[in-house]
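So you can see what is in the structure, the chains are spelled out below.
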Amino acid sequence: MIQFAQSFPDEAIVVTLSQQLSWSHFHALLPIKDPMARDFYAEMSRIERWDVRTLRQKIAGMLYQRTVLSRKPESVISAEIGKLRAGQLSPDTVFRDPYFLDLLGLKGAYSERDLEAAILREIEGVLLELGTSFCFVARQKRMSVGKDDFHLDLLFFHRRLRCLVAVELKLESFQPAHVGQMELYLRWLDRHERGPGEEAPIGLILCASADAEQVELLQLDAKSIRVSEYLTDLPPLPLLRERLHQAIEQAREQAQRTSAAHTD
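Residues numbered from 1 in each chain as written. Predicted model: local features only at pLDDT ≥ 70, side-chain atom pairs only at ≥ 80, totals over all residues. Heavy atoms only, no water.

1. Topic: the overall build of the protein chain
Helix and strand counts for the protein chain stand at 13 helices and six strands. Here the protein chain has a C-alpha radius of gyration of 19 Å; the compact-globule value for 264 residues is 18 Å, and the two agree. When its C-alpha atoms are laid out on the principal axes, the protein chain stretches across 65 × 50 × 45 Å. Of the contacts made within the protein chain by residues no fewer than 6 positions apart, 62% connect residues no fewer than 24 positions apart. As presented, the protein chain carries roughly 13800 Å² of accessible surface, and 50% of it is formed by carbon and sulfur atoms. If the 33 positive side-chain charges of the protein chain are averaged to one point and the 38 negative ones to another, these points end up 4 Å apart. (Helix = DSSP H or I, 4+ residues; strand = E, 2+ residues; numbered from the N terminus. Rg over C-alpha atoms; globule rule 2.2 N^0.38 Å. Contact = heavy atoms within 4.5 Å. Areas by Shrake-Rupley, 256 points an atom, 1.4 Å probe, with all protein chains shown as cover. Lys, Arg positive; Asp, Glu negative; His and termini not counted. Charge placed at Lys NZ, Arg CZ, Asp CG, Glu CD.)

2. Some words on the pattern of salt bridges
Any two side chains of opposite charge can pair, on the condition that their charged atoms come close. Summed over the entire model, instances satisfying the criterion amount to 16 salt bridges. Linking Glu129 and Arg66 is a salt bridge whose minimum nitrogen-to-oxygen distance equals 2.6 Å. With Glu129 in helix α10 (residues 123–130) and Arg66 in helix α6 (residues 63–66), this pair connects stretches of sequence that are 63 residues apart. For Glu129, a relative accessible area of 12% translates into the label buried. Given a relative accessible area of 3%, Arg66 falls into the buried group. The closest approach of N and O atoms between Asp92 and Lys72, which form a salt bridge, is 4.0 Å. Here the residue Asp92 occupies a position in helix α8 (residues 91–94), and Lys72 occupies one in the loop between α6 and α7 (74–85), the gap between them amounting to 20 residues. What you see here is one network of salt bridges that share partners, running through Asp39, Glu43, Arg46 and Arg85. (Salt bridge = Lys/Arg side-chain N within 4 Å of Asp/Glu carboxyl O. Buried < 20%, exposed > 50% of the residue type's maximum accessible area, 1.4 Å probe, protein only.)

3. Describing the environment of Leu17
Relative to the elements of secondary structure, Leu17 occurs in helix α2 (residues 11–18). The sequence separation of Leu17 and Arg113 amounts to 96 residues, and the corresponding C-alpha distance is 42 Å. If we skip the residues at most four places from it in the chain, Leu17 touches Phe8, Phe26, Ala42, Glu43 and Arg46.

4. Comments concerning the sheet that holds strand β6 (residues 225–231)
Spatially, β1-β6-β5-β4-β3-β2 is the arrangement adopted by the six strands of the open sheet, whose pairing is mixed. Single-partner strands in this sheet number two, and they are β1 (99–100) and β2 (134–145). Pairing of strand β3 (residues 148–158) with strand β4 (residues 163–173) involves five bridges; the strand directions are antiparallel. By the bridge assignment for β4, His158 is matched with Cys163. (Pairing = 2+ DSSP bridges.)

5. Here's the deal with the packing of aromatic side chains
Per the stated rule, a full pass over the model turns up nine aromatic pairs. Between the aromatic rings of Phe4 and Trp23, the centroid separation amounts to 5.6 Å while the plane-to-plane angle is 65°, which identifies the pairing as edge-to-face. Taken together, the residues span a long stretch of sequence, with Phe4 in helix α1 (residues 2–7) and Trp23 in helix α3 (residues 23–29) at a distance of 19 residues. On the basis of relative accessibility, which here comes to 43%, the residue Trp23 falls in the partly exposed class. Measuring from centroid to centroid gives 5.4 Å for Phe40 and Tyr64, while their planes differ by 50°, and the two rings are tilted. One end of the pair, Phe40, is in helix α4 (residues 35–48); the other, Tyr64, is in helix α6, with 24 residues separating them in the sequence. There is no split in this pair, since Phe40 and Tyr64 are both buried. Taking NZ or CZ as reference, Arg38 lies 6.0 Å from the ring centre of Phe8, over its face. The aromatic ring of Phe100 is capped on one face by Arg66, whose charged end is 3.9 Å from the ring centroid. (Phe/Tyr/Trp six-rings, centres within 6.5 Å; stacked < 30°, edge-to-face > 60°. Lys NZ or Arg CZ within 6 Å of the ring centre and 35° of its normal.)

6. Considerations on helix α11 (residues 177–192)
Under the 1.5 Å per step criterion, the end-to-end length of α11 is 24 Å for 16 residues, consistent within 8% with the ideal 22 Å. For α11, every residue scored as buried is listed here: His178, Val179, Met182, Tyr185, Leu186, Trp188 and Leu189. On its buried side, α11 packs onto β2, β3, β4, β5 (202–209) and β6. (Expected span 1.5 Å × (residues − 1).)

7. Side note on the pairing of β5
The buried fraction of β5 amounts to six of the eight residues, a majority that puts the element mostly inside the structure. The pairing of β4 with β5 spans seven bridges and is parallel. Bridge pairing links Leu169 to Leu206 in β5. In this view, the connection linking β4 to its parallel neighbour β5 by way of α11 has right-handed handedness. Of the pairings in the sheet, the one linking β5 to β6 comprises five bridges and is parallel in character. (Right-handed = clockwise from strand over helix to strand, strands pointing away.)

Right, dumping it as structure tokens:
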């Protein structure tokens, strides 16, 4: 109880959380040493109505460390958690890198169609990994542009972001050329599929690997495009934890350099 009082000193926040979370939820949150991560899990549990088992799975799967949010400066993280308390999700809290797709059971050589088919076969588990607000819309979404037809691998809708999410699957490493393809898809969806009151579509390029510097130079946030790796075979937990820690540190250092350059 002393640890609980130290971890959650704001009575108003505790009152709000306790309307949705049980003592078992708080008990699962207490071992988390990073207060930003603890607040993130608490608010996401409340918003997405996670049961205790789901919360423990998200913590064990290092969900916070895989979000774009965790790689932002602390001031930005604090502001985003404030939005979470108001029930507002942003793309930085929704999208993550990498995605864990080990549940698909893919081994050895497989094609993009194999990956796509496995995702649909295990759609319940995939939606749990993507986030509870994702809704499946279409597979191989046909888009006619001029005389040509294009096919988007997967199309989802995110209820809380109120927007379509276009997903392209790539077996190879991320290539800058993938961005142009996704931009075409997003503009087509914006013109032909975006409904009244919806936000602009967002693109997610899921690839086997991605060079962080290439992704950063392309400034994809301004284009509403996200690039994430997927893992169909998880490495040992210590190695994965170290990899995520390094990615977070590199992203924060890059943000500091960018901020300093703009100041100069």
